[in-house]
Amino acid sequence: MMRHNLILTSALMSILMLAGCKSDPEKSDNAEGPAIVVVNEIPQFSEVSGTIGEGTMKSYLELLADNGDTLDIRYEEAFRGGSANPGDRVYITYQEDTLNQEYAAVVMINLNQLERPWRQFVDGEERTLHLKADGSIMTNNMRTDYKKWKMKDAALLMTYPLNSKEHTLKEVTDTFQITMLSADTLKIAHEGLETVFAH
């Protein structure tokens, strides 16, 4: 296994403020959402998934990557969705400092906290979105019947099929930014509108 020592480089991070919207029945009625990172505006970033190791410290996260590598990633100033405890599975995007041959986390999402049933109530009706560990989605009463999800470019991609013969595409993928993730709250933003779920 290769071990890389990683440090934080935050000079190129782009921050976007997204507003909530009351007009859409599935959107939050918050006035504004928290800052998020738009990763496609950050050059030279990579992404990795894995399990947090026992060697994790305050500033550095030991990641046992799915490809077999062990990475020591500096993460204290990264956008963090969820906790960072040993044994947790996480998705991380990071930047490379080519001069020092080191890396720095830009976005970290706790997959254990993301992969669970999420609920919201709209006009007294419960709506559910369950992101499952195998990449499938179960929904109930949602406006869009998403079937698949994955993390890509620091965004949550959710896909639904098209059944109409008028469409040439067989499925459509919507891109969401995760603006907040905790043990009991998920906030996702799409096209400037934020949706809030509870667990």
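Only a predicted model underlies this, so the values are computations on that prediction, with no experimental measurement involved. (Residues numbered from 1 in each chain as written. Predicted model: local features only at pLDDT ≥ 70, side-chain atom pairs only at ≥ 80, totals over all residues. Heavy atoms only, no water.)

Our focus in this paragraph is the side chain of threonine 185. Secondary-structure assignment places threonine 185 in strand β16 (residues 185-190). A polar atom in the side chain of threonine 185 sits 3.1 Å from the side chain of aspartate 184. Among residues more than four places away in sequence, those in contact with threonine 185 are Trp118, Met180, Val196 and Phe197. (Helix = DSSP H or I, 4+ residues; strand = E, 2+ residues; numbered from the N terminus. Polar contact = N/O pair within 3.5 Å; in protein donor to acceptor, adjacent residues only side chain to side chain. Contact = heavy atoms within 4.5 Å.)

Turning to its location among the elements, alanine 189 is positioned in strand β16. Alanine 189 sits in the buried class, given a relative accessible area of 3%. Taking the C-alpha atoms as reference points, alanine 189 and phenylalanine 176, 13 residues apart in sequence, are found 5.3 Å from one another. (Buried < 20%, exposed > 50% of the residue type's maximum accessible area, 1.4 Å probe, protein only.)

Attention now goes to the environment of alanine 78. Within the secondary structure, alanine 78 is located in the loop between β6 (70-74) and β7 (79-81). Judged by relative accessible area, alanine 78 falls into the buried class, the value being 10%. Alanine 78 sits 28 residues away from valine 106 along the chain, and the two C-alpha atoms are 4.6 Å apart. Once residues lying within four places of it in the same chain are set aside, the contact partners of alanine 78 are Ala105, Val106 and Val107.

Here we take up the confidence of the model for the protein. For the protein, the average pLDDT comes to 82, and 74% of its residues sit at 70 or higher. In the model, residues 1-35 has pLDDT below 50 throughout and makes 107 contacts with residues more than four positions away in sequence or in other chains. (pLDDT = per-residue confidence, 0-100.)

Most of strand β14 (residues 155-161) is tucked away: five of the seven residues are buried. Looking at chain direction, strand β13 (residues 148-152) and β14 are connected through five bridges and run antiparallel. Bridged to lysine 148 within β14 is threonine 159. From the end of β13 to the start of β14, which pair antiparallel, there are two residues, and aspartate 153 there has a positive phi angle of about 55°. (Pairing = 2+ DSSP bridges.)

Moving on, we get to unusual backbone geometry. Within the chain, aspartate 123 stands out as a residue other than glycine whose phi angle is a positive 55°. Unusually for a residue other than glycine, asparagine 141 sits at a positive phi of about 65°. In this structure, asparagine 141 sits in the loop between β12 (137-140) and β13.

Right, let's talk about the nonpolar core for a bit. Residues Ile109, Leu114, Trp149, Met151, Leu156, Met158 and Ile178 are the most contacted members of the largest nonpolar core, which totals 24 residues. If we ignore the near neighbours within four places in the chain, the residues touching methionine 158 are Leu129, Leu131, Ile137, Tyr146, Lys148, Trp149, Val172, Thr173, Asp174, Phe176 and Ile188. (Core = buried A, V, L, I, M, F, W, Y, C linked by side-chain atoms within 4.5 Å.)

Right, let's get into the pattern of salt bridges. Within the structure shown, the criterion is met by seven salt bridges. A salt bridge links glutamate 47 to lysine 152; its shortest N-O distance comes to 3.0 Å. Of this pair, glutamate 47 sits in strand β4 (residues 45-52) while lysine 152 is found in strand β13, placing the two residues 105 residues apart along the sequence. Looking at glutamate 47, the relative accessible area reads 26%, which means it is partly exposed. Residue aspartate 145 pairs with lysine 147 through a salt bridge whose shortest N-O separation is 3.2 Å. The partly exposed category is assigned to aspartate 145, whose relative accessible area is 39%. (Salt bridge = Lys/Arg side-chain N within 4 Å of Asp/Glu carboxyl O.)

This brings us to the side chain of glutamine 120. In this fold, glutamine 120 is placed in strand β10 (residues 117-122). Among the residues examined, glutamine 120 registers a relative accessible area of 9% and is labelled buried.

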